[in-house]
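# Breakdown of the fold
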Amino acid sequence: MRIPDKYISPFTDFGFKKLFGNEPNKDLLIDFLNELLRNETGEITQLTYLSAEQLGRSIDARKAIYDLYCENEKGEKFIVELQKAKQNYFKDRSIYYSTFPIQQQALQGDWNFKLNAVYTIGILDFVFEEDKHDHDVFHHEVQLFDKSTQKVFYDKLTYIYLEMPKFTKTETELETHFEKWLYVLKNLEDLSKRPAKLQEKIFEKLFKQAEIANYTDAEYTEYETSLKIYRDLKNSIDTAFDDGKLEGKAEGRAEGLAEGEQQALLRTAEKLKKAGVAVEIIAQTTGLSVREIKRF
């Protein structure tokens, strides 16, 4: 029996890659990135998908697995990450991930060190702990900044974080194309039809691609598994953060959050492995290593 939802959740691995991670739907990703980055990059007309798995410079080096990784016609790189649940060090992780496309630009022999821009975009289904009391700012754009001159020091390395729970506009309040994109990302799973304000052709295509009734049995099974992973992971991690917060406060230990998060990840991974989910999928979703997961 199929789930009653009409549209997929874009916060699942299947949903996000179905809508944005394949050649037939590349125009959806281009439209979204243009709304997000047009002031920085100009109009993006072409994108090439690159390998989502980035290996380190040695066999033993840690690798990075992106949700989406692509390059525009100017050679600028875009990392797009969908973060389903709270993570203590997501900012650290996003900065670490951005080092791979930087290093890949190094040339053999004589090289003047000129780099193409790298953009790291985090679409977050949570609010940063340090920003939870700031309800007005949900769209963060970060570059290297010179505190002395109060100017951007280097504009080729940009981090954008969208704290989606803070975006609370209703359909009637939507004004810009970008706000329509945010509304779709946040509410798609709960909608029963395409809203009247989202009649542009790009959204007509998105809603058609997102309609669960159009999927084959194999696609539906893959989505159902992805949805279960998303819900289990988010519930476990969010609960762990709340528990860790209380534990940290009671014992005066700042590491309470980190310990709670790690234990929740391990419990979730064990549950998913027992349910038959592939180890590689669990590793990509939770950030745990294959070795850690195989211990269960």
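As the structure is a prediction and not an experimental result, all values here were calculated from the model.

### Remarks on the pairing of strand β6 (residues 118–124)
Extensive coverage of β6 is indicated by the burial of 7 of its 7 residues. Note that strand β5 (residues 77–83) and β6 share 7 bridges and pair parallel. By the bridge assignment, F78 is partnered in β6 with Y119. In this view, the connection linking β5 to its parallel neighbour β6 by way of helix α3 (residues 90–103) has right-handed handedness. Sheet topology note: the β6/strand β8 (residues 151–163) ladder contains 7 bridges and is parallel. Residue pairing in the sheet places G122 in a bridge with Y161 of β8.

### With respect to the sheet that holds strand β4 (residues 68–72)
One open sheet holds the 6 strands; their spatial order is β1-β4-β5-β6-β8-β7, and the pairing between them is mixed. Two strands in the sheet have a free side with no partner beyond their single neighbour: β1 (47–49) and β7 (139–146). Neighbouring strand axes in the sheet, compared pairwise and without regard to direction, differ in orientation by 25° on average. The sheet contact formed by β7 and β8 spans 7 bridges and is antiparallel. Looking at the pairing, D146 lines up with K151 of β8. Its contacts with the sheet place α3 against β4, β5, β6 and β8, and it is angled at close to 155° to β5.

### Considering helix α4 (residues 177–187)
With 10 of 11 residues buried, α4 is to be regarded as a mostly interior element. On its buried side, α4 packs onto α1 (13–20), α2 (26–41), β6, β7, β8 and α5 (201–210).

### A few points about the pattern of salt bridges
Applying the stated rule across the entire model yields 16 salt bridges. We note a salt bridge from R38 to E35, for which the minimum N-O separation is 3.3 Å. Of this pair, R38 and E35 both sit in helix α2, separated by 3 residues, roughly a single helical turn. We classify E35 as partly exposed; its relative accessible area is 22%.

### Observations regarding the packing of α2 against α5
Angle between the axes and distance between the axes are the two parameters that describe a pair of packed helices. Put simply, α2 and α5 touch, their axes get as near as 10 Å, and they point 130° apart. Comparing their axes, α5 and α2 come out oblique. The way α2 lies across α5 gives a crossing that is left-handed. Each of D27, L28 and D31 in α2 lies in contact with α5, whose residues at this interface are I202, K205 and L206.

### Side note on unusual backbone geometry
One non-glycine residue, F113, lies in the positive phi region at around 70°. A relative accessible area of 61% places F113 in the exposed class. Located in the positive-phi region is Q150, a residue other than glycine, with phi close to 60°. Note that Q150 resides in the loop between β7 and β8. Given the relative accessible area of 54%, Q150 is considered exposed.

### Some points on the nonpolar core
By size, the foremost hydrophobic cluster in this structure holds 51 residues, and its most contacted members are F20, F32, L33, I123, L162 and F207. The element contributing the most residues to this core is α2, with 7 residues. In contact with F207, other than residues within four places in its own chain, are Y7, V184, L188, L191, K193, R194, P195 and L198. Formed by 11 residues, the second largest nonpolar core is a distinct cluster that contains I229, L265, A269 and I282.

The rules we used
- Residues numbered from 1 in each chain as written.
- Predicted model: local features only at pLDDT ≥ 70, side-chain atom pairs only at ≥ 80, totals over all residues.
- Heavy atoms only, no water.
- Buried < 20%, exposed > 50% of the residue type's maximum accessible area, 1.4 Å probe, protein only.
- Helix = DSSP H or I, 4+ residues; strand = E, 2+ residues; numbered from the N terminus.
- Pairing = 2+ DSSP bridges.
- Right-handed = clockwise from strand over helix to strand, strands pointing away.
- Axes fitted to C-alpha atoms, helices over the stretch in contact; angles between N-to-C directions.
- Contact = heavy atoms within 4.5 Å.
- Salt bridge = Lys/Arg side-chain N within 4 Å of Asp/Glu carboxyl O.
- Parallel < 35°, antiparallel > 145°, perpendicular 65-115°, else oblique.
- Left-handed = near helix turned anticlockwise from the far one by under 90°.
- Core = buried A, V, L, I, M, F, W, Y, C linked by side-chain atoms within 4.5 Å.

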